[in-house]
Each structure stands twice: as structure tokens, then as C-alpha cells.
Amino acid sequence: MNEAYAIPAVAVVVLATVLIGGFGLRISRTTSDFYVASRTVRPRLNAAAISGEYLSAASFLGIAGLLLVHGPDMLWYPVGYTAGYLVLLVFVAAPLRRSGAYTLPDFAEGRLESRQVRRVVSVFVVGAGWLYLVPQLQGAGLTLQILTGAPRWFGGALVAAVVVLAVAAGGMRSITFVQAFQYWLKLTALLVPAFFLLLAWRGSGGPPGDVVPADLPSAGVGAGRPLATSRADHPLYATYGLIVATFLGTMGLPHVVVRFYTSPNGRAARRTTVVVLALIGAFYLLPPLYGWLGRLYVPGLAATHDADATVLLLPGLVVDGVAGELLGALVAGGAFAAFLSTASGLTMAVAGVVSQDVLPRRGVRHFRLAVALAMAVPLAGALLVDGVPVADAVGMAFAVSASSFCPLLILGIWWRRLTPPGALAGLFLGGGSAFVAVTSTVAGAATNGWLHTLLAWPALWSVPVGFLTMILVSLATPHTIPPHTTATMTRLHLPETLRPGALKAREDRREQPQPTRTRETTDPPSTSGALKARGERREQPQPSRTRETTEPPSTSGALKGRGERREQPQPTRTRETTAPPSTEGHAQ
């Protein structure tokens, strides 16, 4: 790829991120602005921001790489990523917003009234966030290495620096605008080149044969290892493990959940989720197309263990000349936007937990310190750990989320008998076992066979363990049910407009004196009031009225009345409109 086009594209994305983050700094004034954007983000903007942070390196690069290596079976990745929001919409979105929490630990403490549960949930949020951040930074290093030949660590360090600057500057208010912008950039970066790639494919009559660029650096982060062996040995189990992890893991991802706290109310949270389904559904139509074109044009790319680079390399290989270089630069800018947006959301979620549960004081200054701490650990992990495909690494984070936060949220929202001991036992056995399994996979504890398969895709057994443990232990400890459970459950499920506070405010507005209105249109006067008013009008002297409206006047009556009106001063109007005088009267 021509560096003369790729480097400016990446620079423009970085500069736009910093400038938009600076704009968020100008309107961020309070602590609530930094944590939840003062809960004023409207559904369309919030949906674009959620889609921007959700579509990570695994979506932009990893899905196409997996399809290149393993074929159509990997279509479960985009299906699972999208369907997870449907589960989130049905079970979690509105009640979670009505809880009034800032973070997942806030929700856990408010629902179970236990500081111990809050501390354990904080540990899992930080662990899942770091596990998700590592592949983002690794993908950034791979991308920049392919584009410029820079060392691997430079791309991750650049993303880390830009994210820390943007998040620390304006918090949630700032990254909301950044992530919404980056979603549309990522969609454009895949949609426009895909159009020209299809035109080139139709015009050439088919692929010219396998073309693998000779100068491609050996990245070692492709989709060809180390999970390919176990997936090939036990594909059915791997597929079901992937489905469970992606369907149930979305609702517990820290950077996704925290965005629903920014909605004004539960209804807005549901509307946001519906729009998110449409946005990410449209995006996920494109990565499979790149995977299919990769199998046509560069099937040998999988042998280099760099299948994640398929999206980056296809435009330059298929489209000749400057047009191919420009399209490749556009894809490079979109890929870097994917790393920045997802890393921003994850850093925001982890920093929120660190600033509230780890640092001794809360406030904007300590939040900014927490941002630096939240990024330091995954950056070190990205530099030390290698060999896990981007999409597989993200799938491991989904497995931990599905095994820990999914049971906690589902049972905490819909089952009033959940107890703090049950929640703790489920988190340790379900989420803890999944975390140990995926870290063992990354460390290479098992490289093949059933043991490696069970460790690489733990959701199929760890999620049931989490649910069953929480239920059984809660049933065994009924005396520890929080005393305010009924009130908490009412707040979670009762719409905001029906809450006692909202009803009281509505009554207060009704009792306030209303401005006088001279015209009454709603209620007719009562019968007694009408009779009284009619009697008063009868007692008052009325101006003389000589005209009868029921029958036309006779000729003599008309002449007599006309003479009387001429002799008396007329205080009222003399025009008669109902009955015209007779012809005889006019003639006389």
C-alpha cells in the first residue's frame, strides 16, 4: 500500500477525533457530563455512538479474516453480534436506565444493597474491559505496520495516546460525538470500496488468481491460529459456544451498558436499541463481502497468518492505479476509526469504575487519572501477548461477559429472590471460570484437543454454571434478600411517568393557579347558574326591541312601529335582518 495516501488518511482520522473531542470539552461542565453526559443524549445520536464503539477491530477486520480462513461457518459472528442487541432490547435496556445508575457496579449495589457485590462486579468490569482492549491495540499495531512498516508497538501506543487525550478532555459528552462520527466514517470506509470492488469483479469476469503481496510483514495476529485447529476438530461445539457468547455477552459489555445510562428515560433507551439494530445490521452486510472477495482473490493470504489484513489489502490488489491506492487509504482510515472508537468506549467504562471504586476520591481530576490507569494495563498486554486472532480475542471477552454480567442483569432485573450470596457465587463460578479459561487459552496452556476447545469457547458451559449457581445459592439463602427489593423492582419496571414523584409533580402543576381565560369552552354552566343569570338579566332594564322574529309584521304594525322609532332617540342599531317588511309597507 502506498504510504503517501495511507498516512494522511490515518492522520486525518486522528486529527478529527482530537478536534471533536475538544468540542466536547467546551460543553462538559459537570461531573454528570463526564460520566453519563447528564443523561440527555437523544436516541439517534446515542445509537450512532453505540454502533461506533461496538463495531471494533473484530468487526472491521476480523470477520473478513475468519471468513477467508474458515468459510461461511463464521457468519455466526456478525449474526451473533447483531442479535445480542435484540436480547438487550427485550430484557435489559429500559430497566437498566430506570435504575439511575452510572456504572454496572452502581446497579449491582443498588439492586442487592451490598458493597461486597459492588467490589466484585468492579473487578469483573475492569477485567472484561482490559480483555476487550488488548485486541483493539493489537489491531492498530497490525494496521499501521502494514500501512507504513512501523514497528508493532507504535500503532497501539498511538491509539492509546489519542484515546486518553479525547476521553480525559471531555468524558462521555466528548466521546459521544466522536463515536457517532466514527460510525459513519467506518460505514463509508467499507461501503465505497466495496462498490468499486464489485465493479472490478464484474468487469474482469472473475478473479485473476491468487495474489499475495510479497512485502507483507509477518504480523502473526491473523485468523489462522491458534484456534483454527480446535475449531476444525470440533466445529459444532465451537459454533454453539460462539452463538451463546455473542447472543448473551452483548448485554454485559461495560462500554455498551454504560451508554444506556446516558438516555433521558427508559423509553428513549428502547428506541436507541431499535436504531442500533438497524445501524449495525447495515454495517454487518459488508465484512462478509470482503471475506468472500478475499477467498476469490487472495486465498493464500491465510497461509501467512495475516488474514485479518484482507480488508486492508483487497482494494489495492483488485483495483489498479491511483484509484486502488485511494480506496485503500479510505479503508485504512476507517480501520483506525474502529480502533479509536471502541477503545474510547472501553476506556470510558473502565475509568468510570476505577475512579469510583479504586481511587480514594471522586471528581473530574480523579476521573482523568483513572483514564490513564485504564489504558496503561491493556497497552502493556498488547505489547506482551501475541498470536490470538482479533475476532477470537473479542469472542473471549464476550464469553466472560455472558458468564458473569448476563446472569446478574437478567436475574437482578426479573427475579426478586436474587440474594447477594447467590450473586457472588454465580460471578465467581460462572464469570471466574470463563475468565480463567480464556486467559489459559491466551497463555497457551492447551493447544489442541477437547481441552483447548473447552477453554477457547467456554460460554456453552460457563453461562449455565453462572445462572444455576446464582439461582441455587439464592434459594438456599432466602433470609439475605435485600429489605428494599420490592421498591427497587418497582423502580426498575415502572415507567417514569407513573412513578410517585412524577404523579406528584403532575398534581402540583394542576393545583397551580392558571391564567384567566375569558372564553370557556370545556364545561357548560350548571342549570341553577344559568337560571340565576337569566333572572338577573330580566330584572335589568332592556333596550326596547320592537321587532318580532317569529311572525312577519302586518302592514299597519310596521307603519306604527316605524313612527314610534322616529319619535324616540335610538340607542341601538336599527337594522333589521331577520324579516323584511311587507311590500305594502314599502309602497305606503
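Being a predicted model, the structure only gives us computed values, none of them experimental.

A. Summary view of the overall build of the protein chain. Each helix and strand counted, the protein chain has 26 helices and zero strands in total. Counting over 588 residues, the protein chain shows a buried share of 53%. Restricting the contact set of the protein chain to residue pairs at least 6 apart, pairs at least 24 apart contribute 87%. Surface summary for the protein chain: the accessible area is close to 26200 Å², and the carbon and sulfur share equals 62%.

B. Looking closely at helix 8 (residues 115-148). Between its terminal C-alpha atoms helix 8 stretches 49 Å, which fits the 50 Å expected from 34 residues at 1.5 Å a residue. Capping the start of helix 8, Ser114 holds a side-chain oxygen 3.4 Å from the backbone nitrogen of Gln116, two or three residues further along. Just beyond helix 8, the residue with positive phi is Gly149, at close to 80°.

C. Up close: the confidence of the model for the protein chain. Averaged over every residue, the pLDDT of the protein chain is 78; the share at 70 or more is 75%. The low-confidence segment residues 516-528, where pLDDT is below 50, has zero contacts with residues more than four positions distant or belonging to other chains. Throughout residues 572-588 the model reports pLDDT below 50, and contacts reaching past four residues in sequence, or to other chains, amount to 14 contacts.

D. Seen up close, a nonpolar patch on the surface. Side chains of Leu191, Val192, Phe195, Phe196 and Leu199 sit close together on the surface and give an oily, nonpolar patch of about 460 Å² of accessible area. One can find Leu191 in helix 9 (residues 152-204).

E. Seen up close, the pattern of salt bridges. As enumerated under the stated definition, the model contains four salt bridges in all. Across the pair Arg115 and Glu109 runs a salt bridge whose closest N-O atoms are separated by 3.4 Å. Judged by its relative accessible area of 23%, Glu109 falls in the partly exposed class. The residue Arg118 makes a salt bridge to Asp357 at a minimum N-O spacing of 2.4 Å. Here the residue Arg118 occupies a position in helix 8, and Asp357 occupies one in helix 16 (residues 321-357), the gap between them amounting to 239 residues. The class for Asp357 is partly exposed, based on a relative accessible area of 25%. Because the salt bridges share partners, they merge into one network encompassing Asp106, Glu109, Arg115, Arg118 and Asp357.

F. Expanded view of the environment of Gly110. Take Gly110: it is sitting in helix 7 (residues 104-112). Classification of Gly110 as partly exposed rests on a relative accessible area of 34%. It is 9.6 Å that separates the C-alpha atoms of Gly110 and His484, two residues lying 374 residues apart in sequence.

G. Spotlight on the side chain of Thr469. One can find Thr469 in helix 21 (residues 459-476). Overall, Thr469 belongs to the buried group, its relative accessible area being 12%. Beyond its immediate sequence surroundings of up to four residues, Thr469 is in contact with Gly422, Ala425, Gly426 and Leu429.

H. Structural detail: the packing of helix 4 (residues 57-70) against helix 14 (residues 287-297). As a packed pair, helix 4 and helix 14 sit with axes 8 Å apart at the nearest point and diverge in direction by 40°. By the angle between their directions, the pair helix 4 and helix 14 is classed as oblique. Between helix 4 and helix 14 the crossing geometry is right-handed. Contact with helix 4, carried on its side by Ser59, Ile63, Ala64, Leu67, Leu68, Val69 and His70, involves Pro287, Pro288, Tyr290, Gly291, Gly294 and Arg295 of helix 14 and no other residues of that element. By residue class, the composition of the contact of helix 4 with helix 14 is eight nonpolar, four polar and one charged.

I. Spotlight on the packing of aromatic side chains. If you walk through the whole model with that rule in mind, you get 15 aromatic pairs. Three or more aromatic residues link up through ring pairs in this structure, and these residues are Tyr54, Phe60, Tyr77, Tyr81, Tyr85, Tyr132, Phe283, Tyr284 and Phe398.

J. A look at the packing of helix 16 against helix 17 (residues 364-384). Relative to each other, helix 16 and helix 17 sit at 120°, their axes nearing to 8 Å. On the basis of the axis angle, helix 16 is oblique to helix 17. Taken as a pair, helix 16 and helix 17 cross one another with a handedness that is right-handed. Between helix 16 and helix 17, the residues in contact are Thr347, Met348, Val350, Ala351, Gly352, Val354 and Ser355 and His366, Phe367, Ala370, Val371, Leu373, Ala374 and Met375, respectively.

K. Main features of unusual backbone geometry. In the Ramachandran plot, Glu113 falls in the positive-phi region, its phi being about 55° despite a non-glycine side chain. Residue placement: Glu113 occurs in the loop between helix 7 and helix 8. Take Glu113: its relative accessible area is 34%, and that puts it in the partly exposed class.

L. Structural view of helix 14. The buried fraction of helix 14 amounts to eight of the eleven residues, a majority that puts the element mostly inside the structure. Three or more residues of helix 14 are buried, namely Pro287, Pro288, Leu289, Tyr290, Gly291, Leu293, Gly294 and Tyr297. Among the structural elements, helix 4, helix 9, helix 13 (266-283) and helix 15 (310-318) are those in contact with the buried residues of helix 14.

M. View of the side chain of Gln179. By the secondary structure assignment, Gln179 is in helix 9. When its relative accessible area of 0% is taken as the criterion, Gln179 is described as buried. Of the polar contacts made by the side chain of Gln179, one reaches the backbone oxygen of Ser341; its length is 3.2 Å. Non-local contacts of Gln179, meaning those with residues more than four positions away in its chain, are made with Ala48, Ala49, Gly52, Glu53, Arg259, Ser341, Ser344 and Gly345.

N. How the structure looks around the environment of Val69. Tracing the sequence through the fold places Val69 in helix 4. For the pair formed by Val69 and Leu301, sequence separation is 232 residues and the distance between their alpha carbons is 8.8 Å.

Analysis parameters
Residues numbered from 1 in each chain as written. Predicted model: local features only at pLDDT ≥ 70, side-chain atom pairs only at ≥ 80, totals over all residues. Heavy atoms only, no water. Helix = DSSP H or I, 4+ residues; strand = E, 2+ residues; numbered from the N terminus. Buried < 20%, exposed > 50% of the residue type's maximum accessible area, 1.4 Å probe, protein only. Contact = heavy atoms within 4.5 Å. Areas by Shrake-Rupley, 256 points an atom, 1.4 Å probe, with all protein chains shown as cover. Expected span 1.5 Å × (residues − 1). Polar contact = N/O pair within 3.5 Å; in protein donor to acceptor, adjacent residues only side chain to side chain. pLDDT = per-residue confidence, 0-100. Patch = residues over 30% accessible without salt bridge, like charges linked within 9 Å, V, L, I, M, F, W, Y side chains within 5 Å. Salt bridge = Lys/Arg side-chain N within 4 Å of Asp/Glu carboxyl O. Axes fitted to C-alpha atoms, helices over the stretch in contact; angles between N-to-C directions. Parallel < 35°, antiparallel > 145°, perpendicular 65-115°, else oblique. Left-handed = near helix turned anticlockwise from the far one by under 90°. Nonpolar A, V, L, I, M, F, W, Y, C, P; charged D, E, K, R; others polar. Phe/Tyr/Trp six-rings, centres within 6.5 Å; stacked < 30°, edge-to-face > 60°.

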